Amino acid sequence: MPFRPRYTGLIDKYRDRLPVHDDTRIISLGEGNTPLIRLNNIPREIGKEVDIYVKYEGLNPTGSFKDRGMTMAVTKAVEEGSRAVICASTGNTSAAAAAYAARAGITAFVLIPEGKIAMGKLAQAMMHGSVVLQIRGNFDAGMRLVKEVAAEAPVTIVNSINPYRLQGQKTAAFEIIEELGRAPDYHCLPVGNAGNITAHWIGYCEYSAASGDHVTEACSFCKGHCTYAGGAIVGNRPKMVGYQAAGSAPFMRGHMVDDPDTVATAIRIGHPQSWDQAWKVREESGGWFDECSDEEILAAQKLLARKEGVFCEPASAASLAGALRDIKSGKIPEGSSVVCTLTGNGLKDPDTAIAQSQGGVVTIDAALEPVKAAILGNMK
Ligand code: F0G
């Protein structure tokens, strides 16, 4: 049997496109290389001829797309001599920062909004030994504090305002193009700080002929951090579509929101850090922003779990909820190829999953007859 080289993470794979040196010590947990799953049952159910794929980022080492950015951010922090990283987080960034800091042997400080992060994420930050600072305030307040403290203390910020984060996250677009042989027509993502939608656009631009001159010092997205100036791989770029939770939708309101709220706690953000970049992504790609209610988000999460066997966290399901609505209305036309990023694993937030699956458990006596009756009464 021929052996393939062991997959050792996205920095090793995309080394020539990332700002690392030959002797850089790479801090990796084997992130990236996530499955692009074609949906079979949902398109049939809605009666539309579209190729919908989900990029299951929940299968990264800490269960979210943040690992793509964190491998880069922590690798560079260590290279630059930092002994500690810090972030504000709705949960996933803190889980990733904690894990990669543990791997690197440095300290992670994480600021999280009290009572507003999913249990799995809190467990991760605690288990990996980060210093968890629970604040009486929301993510936006935490972000403000992190910026202030980092100006005075020897800590490296690993939120997505750290440009290395977006460099790592752009590799998701590379993987999609490599699998499809082209960019999709539409790429749908949930939007919080808008770092990920910006990172994907950087990746698509870097791989496409339409933007051969993207990799320049003047590029406002990569801020000179893209290192690859080679040839294009494909001719097309997708329209980038960003969906927000309705209670937390500054891009829909056209201004910052001071008191964001949504069941999708990961994207409970009213002051997005990549505000300007995200508007530019929308404009350059010809895409749009839209919002989904909490009910729509939870319904899409459940639909995906039940019809396709894929379990994502609520925030992630915003991408599918919005995409399905736009496919049904024809805004995304039949014949299109659509990729939805599933940013985080459903296991992150068991409380929300259980709360909306009431009636899913039947308690019976430990005897043959009730088991048989339950089987006969519950066949699909
Ligand atoms: N989906 C999930 C599961 C997230 O955790 C986040 C952001 C997003 C989507 C939005 O991505 O901010 O790049 O637009 N989570 C951050 C955190 C804020 O702290 O974990 P974005």
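Just so you know, these numbers come straight off a predicted model, no measurement behind them.

What counts, and at which threshold
Residues numbered from 1 in each chain as written. Predicted model: local features only at pLDDT ≥ 70, side-chain atom pairs only at ≥ 80, totals over all residues. Heavy atoms only, no water. Pairing = 2+ DSSP bridges. Helix = DSSP H or I, 4+ residues; strand = E, 2+ residues; numbered from the N terminus. Contact = heavy atoms within 4.5 Å. Axes fitted to C-alpha atoms, helices over the stretch in contact; angles between N-to-C directions. Salt bridge = Lys/Arg side-chain N within 4 Å of Asp/Glu carboxyl O. Buried < 20%, exposed > 50% of the residue type's maximum accessible area, 1.4 Å probe, protein only. Lys, Arg positive; Asp, Glu negative; His and termini not counted. Polar contact = N/O pair within 3.5 Å; in protein donor to acceptor, adjacent residues only side chain to side chain. 1 Å grid on protein atoms, 1.4 Å probe; cavity = no way out; pocket = protein on both sides within 12 Å on 5 of 7 lines; lining within 4 Å. Points joined across faces, edges and corners; volume = space filled by probe spheres on them. Nonpolar A, V, L, I, M, F, W, Y, C, P; charged D, E, K, R; others polar. Near = heavy atom within 4 Å. Areas by Shrake-Rupley, 256 points an atom, 1.4 Å probe, with all protein chains shown as cover. Sits in = over half its atoms within 2 Å of the grid points.

Caption draft 1: Representation of the sheet that holds strand β3 (residues 84-88) within the structure. Strand order in the open sheet formed by four strands is β5-β4-β3-β6, with parallel pairing between adjacent strands. Looking along the sheet, the strands with just one partner apiece sit at the ends: β5 (131-135) and β6 (156-157). Contacting β3, β4 (107-113), β5 and β6, helix α6 (residues 139-150) crosses the sheet at an angle of about 150° to β3.

Caption draft 2: Region of interest: the pattern of salt bridges. Tallied over the entire structure, the rule returns 18 salt bridges. For Asp51, the salt bridge is made with Arg38, and the minimal N-O distance between the two is 2.5 Å. Of this pair, Asp51 sits in strand β2 (residues 51-56) while Arg38 sits in strand β1 (residues 36-38), and the two are 13 residues apart along the sequence. Two residues, Lys170 and Glu206, come together in a salt bridge whose shortest N-O distance is 2.7 Å. With Lys170 in the loop between α7 (163-169) and α8 (171-180) and Glu206 in helix α9 (residues 195-207), the pair connects residues that are 36 residues apart, well separated along the chain. Overall, Lys170 belongs to the buried group, its relative accessible area being 0%.

Caption draft 3: Spotlight on the pairing of strand β8 (residues 239-245). Extensive coverage of β8 is indicated by the burial of six of its seven residues. Note: β8 against strand β9 (residues 288-292), five bridges, orientation parallel. Paired with Gln244 across the strands is Glu291, a residue of β9.

Caption draft 4: Expanded view of the side chain of Asp140. Relative to the helices and strands, Asp140 is located in helix α6. Of the side chains with opposite charge, Arg144 lies nearest to the buried Asp140, which makes no salt bridge, at 7.3 Å. A polar side-chain atom of Asp140 sits 2.9 Å from the main-chain amide nitrogen of Gly270.

Caption draft 5: Highlighting empty space enclosed by the protein. Considering all chains together, one arrives at one cavity of 30 Å³ or more under this definition. Reported here for the largest cavity is a volume of approximately 320 Å³. What lines the largest cavity is a set of 26 residues, and nearest its centre among them are Phe65, Lys66, Asn193, Ala266 and Ile267. Elements with a contribution of two residues or more to the lining of the largest cavity: α4 (92-104), α7 and α9. The leading source of residues in the lining of the largest cavity is α9, at three residues. Class assignment of the residues belonging to the lining of the largest cavity gives a composition of 11 nonpolar, 12 polar and three charged.

Caption draft 6: Inspection of α8 at higher detail. Along α8, seven of the 10 residues are buried, which leaves the element largely enclosed by surrounding structure. The complete set of buried residues in α8 reads Thr171, Ala172, Ala173, Phe174, Glu175, Ile176 and Ile177. Two residues or fewer past α8, Gly181 is found with a positive phi of approximately 80°.

Caption draft 7: Expanded view of the site of the ligand. Close to the ligand lie 20 residues, the nearest being Ser89, Thr93, Asn193, Ala194 and Thr343. At 2.8 Å from an oxygen atom of the ligand is found a main-chain nitrogen or oxygen belonging to Asn193. At 2.7 Å, a side-chain N or O of Thr343 approaches a nitrogen atom of the ligand. In isolation the ligand offers 480 Å² of accessible surface; the protein chains occlude 99% of this area. Using a 2 Å cut-off from the grid points, one finds that the ligand occupies the largest cavity. Every element with two or more residues in the shell around the ligand is listed here: α4 and α9. Grouping the constituent residues of the shell around the ligand by class yields eight nonpolar, 10 polar and two charged.

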